[in-house]
Amino acid sequence: LLLWLAKLVDGAVVAGGEMIREEIRDAGFSFPTAKCYQVTRTDDFTKCSADVSAKRVLAMGIRPRFRKGSDIVVGLAKRMPDVDFFLLGNKSILPKEFLAQAEKVKNLHFEGFLPPSTYIPTFMATSSVFLLPGSYDAGPVALVEAMQAGLIPVISDKNGCGELVEEIDKSL
């Protein structure tokens, strides 16, 4: 249905970054596209003052097949036992064997889905780093929110987040 509809359009506005535009071109569509990002509640996040001295890392998003990088978050938590990692999202969709091993990591905390009224004061205001290591995230609202809150973004260069971060150190 989507492929049929795509033949009827003269152009598209895509919610996300250049990554989505490239996928449209790679699929063989030549119509013009304009990109946009979802708007966040700016005041909620700019009132937050992240604790950049904290040894706390916040990561959001759990998806099947590890597209959001939850497997990388778990691996980092294992290698950095003196840092607390908070992973927000539905852990029940992770493979059972993987989840059983991940739950043994003492400094890794699964927090489930939370509304902004909870995760802003509880996690954004008390963390120093926002980690987004996934292989696919075309225009993540969570990254924009975290940067507005003052967290240091650590992202993958394998997804569409690079155009939102001014300086990327590929050595990390």
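For the structure itself, consult the block above.
Keep in mind that this is a model prediction, so the values were computed, not measured.

J.: Help me understand the sheet that holds strand E7 (residues 152-155) in this model?
T.: Consider a sheet: its strands pair through backbone hydrogen bonds, and that pairing is either parallel or antiparallel. Read from one edge of the open sheet, five strands run E5-E4-E3-E6-E7, paired in parallel fashion. Only two strands of the sheet have a single partner each, and these edge strands are strand E5 (108-110) and E7. Between one strand axis and the next, the sheet turns by 25 degrees as a mean value, whatever way the strands run. Pairing of strand E3 (residues 56-60) with strand E4 (residues 84-88), which is carried by five bridges, proceeds in the parallel orientation. Looking across to E4, one finds that Met 60 is bridged to Leu 88.

J.: How should I be thinking about the pattern of salt bridges in this particular structure?
T.: Any two side chains of opposite charge can pair, given that their charged atoms come close. Following the criterion strictly, the structure yields two salt bridges and no others. Across the salt bridge formed by Lys 55 and Asp 82, the nearest N and O atoms sit 3.1 Å from each other. Placement of Lys 55 in the loop between helix H3 (42-46) and E3 and of Asp 82 in the loop between helix H4 (70-79) and E4 is noted, with a sequence separation of 27 residues between them.

J.: How should the pairing of strand E6 (residues 129-132) be read in this particular structure?
T.: Sheet faces and side chains relate simply in a regular strand, where the side chains alternate between the two faces. Here E6 shows no split at all, with Val 129 and Leu 131 on one side and Phe 130 and Leu 132 on the other all buried. Taken together, the three bridges between E3 and E6 define a ladder with parallel strand orientation. Bridging from a neighbouring strand, Ala 59 pairs with Leu 131 of E6. Of the strand pairs in this sheet, E6 and E7 are connected by four bridges, and their pairing is parallel. From the neighbouring strand, Leu 131 faces E7, where its bridge partner is Val 154.

J.: Would you mind going over the nonpolar core with me for this structure?
T.: Nonpolar side chains in soluble globular proteins generally cluster together in the buried interior. Leu 58, Tyr 119, Met 124, Phe 130 and Leu 151 are the most contacted members of the largest nonpolar core, which has 21 residues in total. Elements with a minimum of two residues in this core: E3, E4, helix H6 (116-124), E6 and helix H7 (141-148). Sorting elements by how many residues they give to this core places H6 first, with four residues.

Cut-off values and rules
- Residues numbered from 1 in each chain as written.
- Predicted model: local features only at pLDDT ≥ 70, side-chain atom pairs only at ≥ 80, totals over all residues.
- Heavy atoms only, no water.
- Pairing = 2+ DSSP bridges.
- Helix = DSSP H or I, 4+ residues; strand = E, 2+ residues; numbered from the N terminus.
- Axes fitted to C-alpha atoms, helices over the stretch in contact; angles between N-to-C directions.
- Salt bridge = Lys/Arg side-chain N within 4 Å of Asp/Glu carboxyl O.
- Buried < 20%, exposed > 50% of the residue type's maximum accessible area, 1.4 Å probe, protein only.
- Core = buried A, V, L, I, M, F, W, Y, C linked by side-chain atoms within 4.5 Å.

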